[in-house]
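# Structural features, examined
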Amino acid sequence: MKKLFFILILTAFVLTGIAAQQAANSICAEVTFTFTRQTGSASNQYAVWIENAQGQLIKTLYATRWTANGGFSRRPSSIPLWVSKSNLANMERAQVDAVSGATPVTGVQTYKWDGTDSRGAAVPNGNYVLIIEGTLRWENQVYCRAPFALGQGAATPAVRVEYTNDAAPERVMINDVRVRVLR
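Thresholds applied
Residues numbered from 1 in each chain as written. Predicted model: local features only at pLDDT ≥ 70, side-chain atom pairs only at ≥ 80, totals over all residues. Heavy atoms only, no water. 1 Å grid on protein atoms, 1.4 Å probe; cavity = no way out; pocket = protein on both sides within 12 Å on 5 of 7 lines; lining within 4 Å. Points joined across faces, edges and corners; volume = space filled by probe spheres on them. Helix = DSSP H or I, 4+ residues; strand = E, 2+ residues; numbered from the N terminus. Nonpolar A, V, L, I, M, F, W, Y, C, P; charged D, E, K, R; others polar. Core = buried A, V, L, I, M, F, W, Y, C linked by side-chain atoms within 4.5 Å. Buried < 20%, exposed > 50% of the residue type's maximum accessible area, 1.4 Å probe, protein only. Polar contact = N/O pair within 3.5 Å; in protein donor to acceptor, adjacent residues only side chain to side chain. Contact = heavy atoms within 4.5 Å. Pairing = 2+ DSSP bridges.

We now examine the layout of surface pockets. A water-sized probe, rolled over the atoms, reveals where empty space remains. Here the largest pocket defines a volume of roughly 330 Å³. If you trace the largest pocket, you find 14 residues lining it, with Thr60, Met91, Gln95, Val99 and Ser118 closest to the centre. A total of four residues in the lining of the largest pocket trace back to one element, the largest contributor, which is strand β3 (residues 57-64). In terms of residue class, the lining of the largest pocket is made up of five nonpolar, six polar and three charged.

Pasting the structure below:
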């Protein structure tokens, strides 16, 4: 009986390790950046998503809950590009909950993409863009774009950062953006 119990425990341990390795291998791209929470209103909103080369949203990796839960209708300047591309106004509650979360605390944030679209289907190899849009304060926005080729091996694509308006004081909200493509 002890031998059978030991074999069952060992088998569970091995299967858990295999499942963890498969999950780790399914990550296609990863973005990290330093988020510095701002004081005051009309700030701290951001979204992270993947688009194809034609500019169509493939999958949202994260969006701040305030905007995703209707804040965009009260403050249209809150991550407006993502709101438009995601068709947020017509999303079902479960879809919104699947991609949104509380505004994080100050620190390094990491988001991973598993190479699937919003329905969970694997996307083909090809050209994609990782995008971060942040509302720094009212109409002051930051856009970070990192084009990459999926299926061409590991790479560290360059991240292009653009600001709208005079966002100088809040530019620290999202910085040190790094993208790694793992396959």
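On to the nonpolar core, then. Within the largest apolar cluster, 28 residues are counted, with the highest numbers of intra-cluster contacts made by Phe33, Trp113, Leu130 and Ile174. Listing elements by their share of this core, those giving two or more residues are β1 (29-35), β2 (45-52), β3, β5 (107-113), β6 (126-137), β7 (140-150) and β9 (174-181). Broken down by element, this core gets its largest block of residues, five residues, from β7.

Note on placement: Ser100 falls in strand β4 (residues 100-101). When its relative accessible area of 12% is taken as the criterion, Ser100 is described as buried. Looking at Ser100, its side chain comes within polar contact range of the main-chain oxygen of Val96, at 2.8 Å. Residues in contact with Ser100, not counting those within four places in the same chain, are Tyr62, Ala63, Thr64, Arg65 and Ala68.

This part takes up the sheet that holds β3. The sheet built from six strands is open, its strands ordered β4-β3-β2-β6-β7-β8 with mixed pairing. Each edge of the sheet is formed by a strand with only one pairing partner; in this case those strands are β4 and β8 (160-163). When β7 meets β8, the two strands line up antiparallel, connected through four bridges. Across the sheet, residue Cys144 finds its bridge partner in β8, namely Val161.

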